[in-house]
Amino acid sequence: MAKKITVGEIARLAAEGKTLPQRNFEPKKLLLALGIGFGLAFAAACLWQAFEIFRSSSAATNAQETATTLAGELAKESVDARAKLEHASQSAELLQLVTETTGFDAAQARAQVLKLIPECRDADVIRGSDVNAALGGRYAEFGFAKSDVLLEAQQTGSTVPAQLHIEKDKSYSLVLVAPVKRVGSTFGYVLAKFPTDKITNQIRNFSGAGTIALQQTGAHDPTTMLSSGTGGVTSGSTPVAGSRLLFAWGAADPFAPLPFEGLFSSIAFALLGLGFAGLLVFLRSRPELFNDMKAKLAKPAAAPEMKARPSSAHADTQLAQQMNSKLAAIKASETAMPPPQPDRPVATRERPKVDVSRTIFRAYDIRGVIGSTLNEGVAELLGRALGSEVIERGMTEMAVARDGRLSGPSLSNALIQGLRASGCNVIDLGAVPTPVLYFATYQLKTGCGVMVTGSHNPPDYNGFKMMIGGETLAEQSIQNLYMRISASRFSEGAGTLQSMDVIEDYVDRISGDIQLENPLRVVIDAGNGIAGMIAPKLLQSIGCEVEAMYCEVDGNFPNHHPDPSDPNNLKDLKVAVKQMNADIGVAFDGDGDRLGLVTRSGKIIYPDRLLILFARDVLSRVPGATIIYDVKCTGALAPAIRSAGGVPVMYKTGHSLIKGKMKELDAALAGEMSGHFFFKERWLGFDDGMYAACRFLEILAASGMDADDLFDDVPDAVSTPELKIEMEEGAHYRFMERFVKSAKFEQARITSIDGIRADFDDGWGLVRCSNTTPCLVLRFEGNDETALARVQALFRTQILMLDKSIKLPF
């Protein structure tokens, strides 16, 4: 180390006329100083980034708490407004004014509404016969927003969820429309506006860190109606029950000078930078360490001792002989050794390119053909995408299960591999029905699950039903998975794997709530699907004598297709129920989430009629509850729900779509014509064919009646089952686009939320696209055979006008 020169020495040397010693430039010291400076600067940048991330996270949390509170308050206002409006719309006074034949006084009707609902800011009453006139200038004096909500009420025939409208004075109103009905007939509509000043003022006065925004959903992306705070709304949102509104929250993106994210990673890198600088300082204080390292690196290998070369010719000859001897030995050793091998690169795991078809990403699940559009490579990529989504949403665990299909084990293993590669921990439930997977996500409190299942499709199909954070993925959420896979936007990690059995818990939970008052003899046809491994035990546990048929799990489905919505698949069950003198026959689909019924007389009970029975039972305990049904259900369903004191809502077909609508409206029950039933009352709100069977058997046993007699009291009509027109992949969507534009049904109420449904006074017809297989789905109903034939003829004409080559199944 160079000796330091003091000020006194400098003065002494100057007095003696001597020059100062010259310092040599030392690059090592400069590099050392730069290294220490870089480490400290890097640590400071990391700490600043960590502070910014913490501040942004705190702001988002503050905004989330405020938004959640306001969402709850606004939900109470929406539900209260809906109840008051529906009470007013069904009042005898208003009904008399709307049905007045000598003349309709809109002003008097409006005054009656304001009298019945003093809290109402304003109201409009439109007779059913005047709706088209009101909408004809549409949009002129009546206004766009009011016209849209009125049109929706006309199409759905039920109260429209609350929307937010901006008034001329820049204030906001909650707007709802309810039909004025009597005995199932609609005579008019009441549009009411309710003030929201309390909520909107709280939004405007929000002064905490972060941002909150009140948004309105519709056919497009949510529209921000009112917001307050600083920064972008990016973190999340919570829906407002009973409305089309949601509260979004977030905070400005934190300033990030470095290319990594996360509070803990920022702190970790800060410590790394400080450690680097500290190490350099330590080494600078111990120069001997540098010298030792330098000596070890610079020390040459020991050279052989060299002797002086003799100058004589004899010595030269001797040296030449020695060299020739060594060369001969080297040549001999090279001959004995194997030829040199080329250098091989270090083995690395290269992921083979996997073609992922967008066609398998459907409206409410992922579904493909094994060996064509679906294989283990696709399953692994899907696992990585799902796991990454789970990690991004702040969760860590995913439950996985599979049905009894032959391709299930390999797809499930590949899926689990992808999930774990993303850092997601996996709970493998093995082979169980889909409802057991859903149950496990609640029982284990993961909120996340994937079911590997082809449901009711042919043996060469398989697919995935997915849930994240309690939400069953549908539509755009499923498309987002495809976009994530396309961009290879995956998280990385090493998730854990554990196996778990929840079947006993599932059976115990149901049997602990349901026990039959009278024993029943039941025939079960599982169609060789996965429900066969649980359903007999479950029904026995609630008090049934069970006769099991086709309950051996076999992915080839050797006896019949596992789809109880097709009457052809229930032929064997009809015979068995009759021969065994059973009280009822129940059938399940391939993964156990759908139910079919056959009575002792051999009559098939369609699920929409069964839903009427379920609705009456639920409404006896939860009066005023919302009951949701899909567009394929009977026209007798809505009047039956209303007469039982409930609120009927028609919605799109699809298990995940129905569950989303149930959550939005806080519905107590929902059902589909396909046999999916969703009980929120006394159960967990997911579709479960086995649980639905238990609820029906509970009703049947308590009635003390024969099943045929029990359903004599349930409205019936002349109807078809679900009819299908098979098409090439994608062709059914193209046909439906043309049909929606061209179809004309005079004097019909058109519902277009899912295909085209035309309701007439004496019947209805439907055409829609299946979202699970490439086909059109049709259904028809009439008050009698004549009405049914007339409705079918109208649809036949409209379909063949577009494509005469289509072979119609009716």
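Because the structure is a prediction, the values reported are computed rather than measured. Sequence positions are assigned chain by chain, starting from 1 and proceeding in written order. With pLDDT at 70 or above as the cut-off, local features in this predicted model cover only qualifying residues; side-chain atom pairs require 80 or more to be listed or tallied, and sums for whole chains, interfaces and linings still use all residues. The side-chain numbers reported here are obtained from all heavy atoms of the structure, hydrogens and water having been left aside.

In this analysis the probe radius is 1.4 Å and the grid spacing 1 Å, with only protein atoms considered; a cavity is a set of points the probe fits into but cannot get out of, a pocket is an open set with protein on both sides within 12 Å along at least five of seven lines, and lining residues have an atom within 4 Å of a point. Grid points are joined across faces, edges and corners, and a volume is the space filled by probe spheres set on the points. Taken as a whole and assessed by the stated rule, the structure comprises three cavities of 30 Å³ or more. Estimates place the volume of the largest cavity at around 250 Å³. Tyr 364, His 456, Arg 594, Ser 674 and Thr 772 are, among the 24 residues lining the largest cavity, the residues nearest its centre. Taken as a whole, the second largest cavity encloses approximately 110 Å³ of empty space. Along the wall of the second largest cavity there are 15 residues; nearest its centre are Pro 564, Ser 565, Tyr 606, Pro 607 and Met 673. Counting from the N terminus, the helices are DSSP H or I runs at least four residues long and the strands are E runs at least two residues long. Of all the secondary structure elements, the ones that give two or more residues to the lining of the second largest cavity are β19 (595-599) and β20 (604-605). Examining the composition of the lining of the second largest cavity, we find that three residues originate from one element, β19, more than from any other. When residues are sorted by character, Ala, Val, Leu, Ile, Met, Phe, Trp, Tyr, Cys and Pro go into the nonpolar class, Asp, Glu, Lys and Arg into the charged class, and all the rest, Gly among them, into the polar class. By residue class, the composition of the lining of the second largest cavity is 10 nonpolar, three polar and two charged.

Moving on to the pairing of strand β29 (residues 763-769). Burial classes: relative accessible area under 20% of the type maximum marks a residue as buried, over 50% as exposed, and values in between as partly exposed (1.4 Å probe, protein chains only). Among the seven residues in β29, seven count as buried, and that is most of the element. DSSP-based pairing: two strands are paired if at least 2 bridges between them are found. As judged from the five bridges shared by strand β28 (residues 756-760) and β29, these two strands associate in the antiparallel manner. By the bridge assignment, Phe 760 is partnered in β29 with Gly 763. Here β28 folds back onto β29, and the loop between the two strands holds two residues.

Just to be clear on terms, a salt bridge is a Lys or Arg side-chain nitrogen sitting within 4 Å of an Asp or Glu carboxyl oxygen. With the rule as written, the count across this model stands at 44 salt bridges. Where Lys 84 meets Asp 80, a salt bridge forms, and the shortest distance between an N and an O atom there is 3.0 Å. Here Asp 80 and Lys 84 lie together in helix α2 (residues 27-89), a separation of four residues that amounts to about one turn. Classification of Lys 84 by relative accessible area gives partly exposed; the value is 27%. Taking the shortest distance from any N to any O, the salt bridge between Glu 475 and Lys 652 comes out at 3.5 Å. One end of the pair, Glu 475, is in the loop between β14 (471-472) and α14 (476-486); the other, Lys 652, is in the loop between β22 (647-651) and α20 (655-665), and 177 residues separate them in sequence. Classification of Glu 475 by relative accessible area gives partly exposed; the value is 36%. Here the salt bridges share partners, and the residues they tie into one network are Asp 513, Asp 617, Arg 621, Glu 681, Arg 682, Arg 695 and Glu 698.

Within the chain, Glu 475 stands out as a residue other than glycine whose phi angle is a positive 50°. One non-glycine residue with positive phi stands out, namely Gln 747, at about 60°. Looking at the element boundaries, Gln 747 is found in the loop between α23 (731-742) and β27 (749-751).

Turning to the side chain of Lys 181, a few remarks are in order. Within the fold, Lys 181 resides in strand β3 (residues 172-182). Any pair of residues with heavy atoms lying within 4.5 Å of one another is described as a contacting pair. In this structure Lys 181 touches Gln 90, Leu 95, Gly 157, Thr 186 and Arg 642, once residues within four positions along its chain are discounted.

So, on to the packing of helix α11 (residues 376-392) against α14. To get an axis, a line is fitted to the C-alpha atoms, and for a helix only the part in contact is used. The angle between two axes follows their N-to-C directions and goes from 0 to 180 degrees. Contact pair α11 / α14: the axes reach a minimum separation of 9 Å and the direction vectors enclose 110°. When the interaxial angle is binned, α11 and α14 end up roughly perpendicular. Of α14, the residues touching α11 (which contributes Leu 381, Leu 382, Ala 385, Leu 386, Ser 388, Glu 389 and Glu 392) are Leu 481, Arg 484 and Ile 485. In what follows, roughly perpendicular refers to angles from 65 to 115 degrees, roughly parallel to angles under 35, roughly antiparallel to angles over 145, and oblique to any angle outside these ranges.

One broad trend across soluble globular proteins is that nonpolar side chains are buried collectively. If you look at the biggest cluster of nonpolar residues, it comprises 92 residues, and the most contacted ones within it are Tyr 506, Leu 539, Leu 610, Phe 696 and Leu 697. The leading source of residues in this core is helix α21 (residues 689-703), at 10 residues. Filtering out sequence-adjacent residues up to four positions away, Tyr 506 remains in contact with Pro 435, Val 436, Phe 439, Ile 534, Leu 538, Trp 683, Asp 688, Met 690 and Tyr 691. Buried Ala, Val, Leu, Ile, Met, Phe, Trp, Tyr and Cys residues form a nonpolar core when they are joined through side-chain atoms within 4.5 Å.

Within the fold, Phe 194 resides in strand β4 (residues 185-195). Linking Phe 194 and Leu 174, residues 20 residues apart in sequence, is a C-alpha distance of 4.9 Å.

Another point: the packing of aromatic side chains. Paired rings are identified among Phe, Tyr and Trp, the last through its six-membered ring, by centres lying within 6.5 Å, and are further divided according to the angle between planes into stacked (under 30 degrees), edge-to-face (over 60) and tilted (the rest). In this structure the tally under the stated criterion is 17 aromatic pairs. Measuring from centroid to centroid gives 5.5 Å for Phe 679 and Tyr 691, while their planes differ by 75°, and the two rings are edge-to-face. Linking Phe 679 in strand β24 (residues 677-679) with Tyr 691 in helix α21, this pair joins segments that are 12 residues apart in sequence. This pair shows no difference in class: Phe 679 is buried, exactly as Tyr 691 is.

With that settled, the discussion passes to the environment of Leu 800. Here Leu 800 lies in helix α24 (residues 785-802). Classification of Leu 800 as partly exposed rests on a relative accessible area of 27%. In this structure, Leu 800 is in contact with Ile 806 and Leu 808, ignoring residues within four places of it in sequence.

Attention now moves to the pairing of strand β13 (residues 461-468). Where burial is concerned, most of β13 is hidden: eight out of the eight residues are buried. In the sheet, strand β9 (residues 366-369) pairs with β13 via four bridges, with the strands oriented antiparallel. From the neighbouring strand, Val 369 faces β13, where its bridge partner is Tyr 461. Where strand β12 (residues 449-452) and β13 come together, four bridges link them in antiparallel fashion. Paired with Val 452 across the two strands is Phe 464, which belongs to β13. Between β13 and β14, which pair antiparallel in sequence order, lie two residues; one of them, Gly 469, sits at a positive phi of approximately 60°.

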